[in-house]
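Chain by chain, the residues run as shown.
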Amino acid sequence: MLTEEEFKDLQIHFLRHETQCEERWKTVFSRLDDIDNRIDKLFQIVLAGGATTILFLLGVITTILLQG
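Residues numbered from 1 in each chain as written. Predicted model: local features only at pLDDT ≥ 70, side-chain atom pairs only at ≥ 80, totals over all residues. Heavy atoms only, no water.

Draft legend 1. View of the pattern of salt bridges. If you walk through the whole model with that rule in mind, you get 2 salt bridges. We note a salt bridge from K26 to E22, for which the minimum N-O separation is 3.9 Å. Of this pair, K26 and E22 both sit in helix 1 (residues 4-67), separated by 4 residues, roughly a single helical turn. In this structure, the salt-bridge partner of E23 is K26, at a minimum N-O distance of 3.8 Å. Of this pair, E23 and K26 both sit in helix 1, 3 residues apart, which is roughly one turn of the helix. Residue class for K26 comes out partly exposed when judged on its relative accessible area of 49%. By sharing partners, the salt bridges in this structure join E22, E23 and K26 into a single network. (Salt bridge = Lys/Arg side-chain N within 4 Å of Asp/Glu carboxyl O. Helix = DSSP H or I, 4+ residues; strand = E, 2+ residues; numbered from the N terminus. Buried < 20%, exposed > 50% of the residue type's maximum accessible area, 1.4 Å probe, protein only.)

Below is the structure:
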C-alpha cells in the first residue's frame, strides 16, 4: 500500500506530467496547422504550374497547326 506522502508525490508527479503533455499537444497541433497551410500553398503552386504548362503547350500546338 502507498503511504499518504507517496500518494501525494504521485499526484504531484501526475499533475506535472499532465501539464507538460497538454503543452506538447498544443505545440504539436500548432505545428500541424502550419504544415497544413504550407501543403495548401504548395498545392496551389503545383496547380498554377500545371495550368501554365498546359496553356504554354496549347499555344505551341496552335502555332504549329496554324503554320502547317
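Draft legend 2. A look at the environment of R31. Within the secondary structure, R31 is located in helix 1. Taking the C-alpha atoms as reference, R31 lies 26 Å from F14; in sequence the two are 17 residues apart.

Draft legend 3. Focus on a nonpolar patch on the surface. The grouping of W25, V28, F29, L32, I35 and I39 at the surface amounts to a nonpolar patch, some 600 Å² of accessible area in total. As for its position among the elements, W25 is in helix 1. (Patch = residues over 30% accessible without salt bridge, like charges linked within 9 Å, V, L, I, M, F, W, Y side chains within 5 Å. Areas by Shrake-Rupley, 256 points an atom, 1.4 Å probe, with all protein chains shown as cover.)

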